[in-house]
Amino acid sequence: HFVLAHAAFWVDASADTLRWLSVLAALAAVPLCFDLARRLGGVGAGVVAAAVAASSTALAIYGSFGRMYALLVLVAALFSDLFVRALQVRTGGAVAAAAAAGWLLVAVHPYGVVPAFVALVAAAVIWRGRGLRSAVPVAIATIAAVPFLAADFRLADRSAVGSEGKQLASPGEAWDQLVAAVSAFAGGDGLPLLFFTALALVGLVVLVRREAAVAALAFSMA
């Protein structure tokens, strides 16, 4: 995000420029969500996924916020799409593209390491026994991500609060944050949240039968 901001500031060094970076990232995430769902469930699923992403309060807020969160959504959508493509195509080029997106996910935001690590474990299980050559792009991306991980651990104390080992959030507070995050994509709490969650769970059950590896990845990230 800082690299993009510096590049954009060469054109116009203003707060509006930072906002436009977020706007463009948010807009670009929508077709990626469409393509991801299309790969998993057809064009109809793609249209629904695009509508959910485009109408979410997550993109409505962070899509105009001059920070890196819309970019994180964009890169996460890109990585998810390329990971599913690698599962379906099983070529060296597809694996390399997914690995590069995984590296970018770690580079964009410290929290990106969570889905990237889960996907790395899943990939190790899925591609076991296929020879070391297919793992070379993944190994390169993993090594290239080490400097970002080192910086993240070094700066981790910035999130510390209180003293005597007090955590940032209690389990109850963390649960409230999770519900709020899901509500942002569901269009609100209450009945919309219940409907959205039930629909997502049904989709995961269907996905287990079609793409068990992707369903396992989704459950692991959750």
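One numbering rule holds for all chains: residues counted from 1, following each sequence as written. In keeping with the predicted nature of the model, local features appear solely for residues at pLDDT of at least 70, side-chain atom pairs appear and are counted solely at 80 or more, and the whole-chain, interface and lining totals rest on all residues. Side-chain metrics rest on all non-hydrogen atoms present in the structure, leaving aside hydrogens and water.

Positionally, Thr 17 belongs in helix α2 (residues 15-41). In this structure, Thr 17 is in contact with Ala 8, Phe 9 and Asp 12, ignoring residues within four places of it in sequence. Counting from the N terminus, the helices are the DSSP runs of H or I reaching at least four residues and the strands are the DSSP runs of E reaching at least two. Contacts are residue-level and defined by heavy atoms, with any inter-residue pair within 4.5 Å sufficient.

In the sections that follow, a salt bridge refers to a side-chain nitrogen of Lys or Arg positioned within 4 Å of a carboxyl oxygen of Asp or Glu. Under the counting rule described, the total for this entry stands at 3 salt bridges. In this structure, Arg 38 and Asp 35 form a salt bridge, with 2.7 Å as the shortest nitrogen-oxygen distance. Placement of both Arg 38 and Asp 35 in helix α2 is noted, with a separation of 3 residues, approximately one turn of the helix. Of the residues examined, Arg 38 reaches a relative accessible area of 33% and is grouped as partly exposed. For Asp 35, a relative accessible area of 17% puts it in the buried group. In this structure, the salt-bridge partner of Asp 35 is Arg 39, at a minimum N-O distance of 3.1 Å. Highlighted residues: Asp 35 and Arg 39, both in helix α2, separated by 4 residues, approximately one helical turn. Here's how the labels work: a residue is buried when its accessible area is under 20% of the maximum for its type, exposed when over 50%, partly exposed in between, all with a 1.4 Å probe on protein chains only. Among the residues examined, Arg 39 registers a relative accessible area of 23% and is labelled partly exposed.

A separate point is helix α8 (residues 136-154). The span expected for a helix works out to 1.5 Å for each residue beyond the first. Here α8 spans 28 Å end to end across 19 residues, near enough to the 27 Å set by a 1.5 Å rise per residue. The angle between axes fitted to the seven residues ending at a residue and the seven residues starting there is what we call the bend at that residue. Roughly 35 degrees is the biggest bend found in α8, and it falls at Val 146, with proline Pro 147 one to four residues downstream.

Before going further, it helps to examine the packing of aromatic side chains. Stacked, tilted and edge-to-face are the three classes applied to pairs of Phe, Tyr and Trp rings, where Trp contributes its six-membered ring and a pair requires centres within 6.5 Å; stacked means planes under 30 degrees apart, edge-to-face means over 60, and tilted covers the rest. In the structure shown here, the tally under the stated rule is 4 aromatic pairs. Measuring from centroid to centroid gives 6.1 Å for Tyr 62 and Phe 65, while their planes differ by 70 degrees, and the two rings are edge-to-face. Accessibility expressed as a relative area gives 38% for Phe 65, which makes it partly exposed. When the centroid spacing of 5.9 Å and the interplanar angle of 50 degrees are considered together, the rings of Phe 79 and Phe 83 count as tilted. Separated by 4 residues within a single helix, Phe 79 and Phe 83 lie in helix α5 (residues 69-89), roughly one turn from each other. Look at Phe 79 and you get buried, because its relative accessible area is 6%. Looking at Phe 83, the relative accessible area reads 5%, which means it is buried. An aromatic cluster is defined as three or more aromatic residues linked by ring pairs; in this entry it consists of Tyr 62, Phe 65 and Tyr 69.

Quick look at the confidence of the model for the protein chain now. Every residue gets a pLDDT, meaning the predictor's confidence in that residue, from 0 to 100. Of all residues in the protein chain, 94% have pLDDT values of 70 or greater, and the mean over the chain is 86. No element of the protein chain has a lower mean pLDDT than helix α11 (residues 212-221), which averages 77, and none a higher one than α2, which averages 93.

Moving on to unusual backbone geometry. Even without a glycine there, the phi angle at Arg 90 is positive, about 60 degrees. Note that Arg 90 resides in the loop between α5 and α6 (92-108).

Secondary-structure assignment places His 1 in the segment before α1 (2-9). Among the polar contacts listed, one links the side chain of His 1 to the backbone oxygen of Arg 67, at a separation of 3.3 Å. Not counting residues up to four positions away in its chain, the partners in contact with His 1 are Leu 18, Gly 66, Arg 67, Met 68 and Leu 71. Two N or O atoms count as a polar contact when they lie within 3.5 Å, although within protein this holds only if one can serve as hydrogen donor and the other as acceptor, and sequence-adjacent residues are included solely when both atoms are side-chain atoms.

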